[in-house]
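Single-letter residue listing:
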Amino acid sequence: MTGQPPLTPEPSPGASSLEATLHAAGFPVDLLTDEQRLVLSELTSEELSLLLDVKSRLDAVGPEVQAHGEIAGGALF
C-alpha cells in the first residue's frame, strides 16, 4: 500500500453498508454496543439523512480539539 494511511480505522470486515456510511461520517461505530448497532440498523433512510446532516452541522461548529477532550477528559489540553 502506498500513500498516507487512513486517519480513522476502517470499519470491521462484514460491516453493513449503513455502518460503513456512519463510519465514513465519523461515528465511532466500532465502539458501539450490539444494542446501539441494532437501533442504528433500524433507521429509515430519512432518519439516517437527518442524523448525518445534524452531525455534519455540529462538526462544522465544534472545536478542533473536542475529540481529545472527550477521550482524555480534558486532562491533557
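Residues numbered from 1 in each chain as written. Predicted model: local features only at pLDDT ≥ 70, side-chain atom pairs only at ≥ 80, totals over all residues. Heavy atoms only, no water.

As for the overall build of the protein chain
Stated precisely, the cut-off is as follows: Numbering of helices and strands runs from the N terminus; a helix is a DSSP stretch of H or I covering at least four residues, while a strand is a stretch of E covering at least two. The buried label applies to any residue whose accessible area, calculated with a 1.4 Å probe on protein chains only, is under 20% of its type's maximum; exposed applies above 50%, and partly exposed to all values in between. Here, residues are in contact when the closest pair of their heavy atoms is within 4.5 Å. Note on areas: Shrake-Rupley, 1.4 Å probe, and residue coverage restricted to the protein chains presented here.
Along the backbone of the protein chain there are four helices and zero strands. Ordered by position from N to C terminus, the α and β elements of the protein chain give α-α-α-α. Taken across its 77 residues, the protein chain has 13% of its residues classed as buried. Intrachain contacts of the protein chain at a sequence separation of at least 6 include 34% that bridge at least 24 residues. Just so you have it, the protein chain exposes about 6,200 Å², and 62% of that area is on carbon and sulfur atoms.

Observations concerning the confidence of the model for the protein chain
Quick note on the threshold: The pLDDT value expresses, per residue, how confident the predictor is, ranging between 0 and 100.
With 62% of its residues at a pLDDT of 70 or more, the protein chain has an overall mean of 77. Least confident of the elements in the protein chain is helix 4 (residues 66-72), whose mean pLDDT is 53; most confident is helix 3 (residues 45-61), at 94. With pLDDT under 50 throughout, residues 5-9 is counted as low confidence; its partners more than four residues away or in other chains account for four contacts.

Focus on the pattern of salt bridges
How we decide: What counts as a salt bridge is simple: a side-chain nitrogen of Lys or Arg found within 4 Å of a carboxyl oxygen of Asp or Glu.
Scanning the model with the defined rule gives three salt bridges in all. Between D53 and R57 there is a salt bridge whose closest N-O contact spans 2.7 Å. In this pair, D53 and R57 both sit in helix 3, four residues apart, roughly one turn of the helix. D59 is the salt-bridge partner of K55, the closest N and O atoms lying 2.6 Å from each other. Taken together, the positions of K55 and D59, both in helix 3 and four residues apart, correspond to about one turn of that helix. According to the relative accessible area criterion, D59 is partly exposed, its value standing at 45%.

Structural notes on a nonpolar patch on the surface
Under the convention used in this document: Residues with no salt bridge and a relative accessible area higher than 30% make up the patches, which join like charges within 9 Å and nonpolar side chains (Val, Leu, Ile, Met, Phe, Trp, Tyr) within 5 Å.
There is a patch of nonpolar side chains on the surface, built from L50, V54 and L58 and spanning about 270 Å² of accessible area. Mapped onto the secondary structure, V54 falls in helix 3.

Comments concerning the nonpolar core
We count it as follows: Nonpolar cores are built from buried Ala, Val, Leu, Ile, Met, Phe, Trp, Tyr and Cys residues. Side-chain atoms within 4.5 Å join them into one set.
Listed in full, the six residues of the largest apolar core are L18, L22, F27, V29, L40 and L48. Setting aside anything within four residues of it in sequence, one finds L22 in contact with F27, V29, L40, L48, L51 and L52.

Overview of the packing of helix 1 (residues 17-24) against helix 3
Short version of the rule: Helix axes are fitted only over the stretch in contact, all axes being lines through C-alpha atoms; the angle between N-to-C directions runs from 0 to 180 degrees. For classification purposes, an angle smaller than 35 degrees is called roughly parallel, one larger than 145 roughly antiparallel, one from 65 to 115 roughly perpendicular, and anything else oblique. Handedness of a crossing follows from how the near helix is turned relative to the far one, being left-handed for an anticlockwise turn of less than a right angle and right-handed for a clockwise one.
Interhelical geometry of helix 1 versus helix 3 gives an angle of 15° and a closest axis separation of 11 Å. Overall, the two elements helix 1 and helix 3 adopt an arrangement that is roughly parallel. Considering only the axes of helix 1 and helix 3, their crossing is right-handed. Residues L18, T21 and L22 of helix 1 form the contact with helix 3, whose own contacting residues are L48, L51 and L52.

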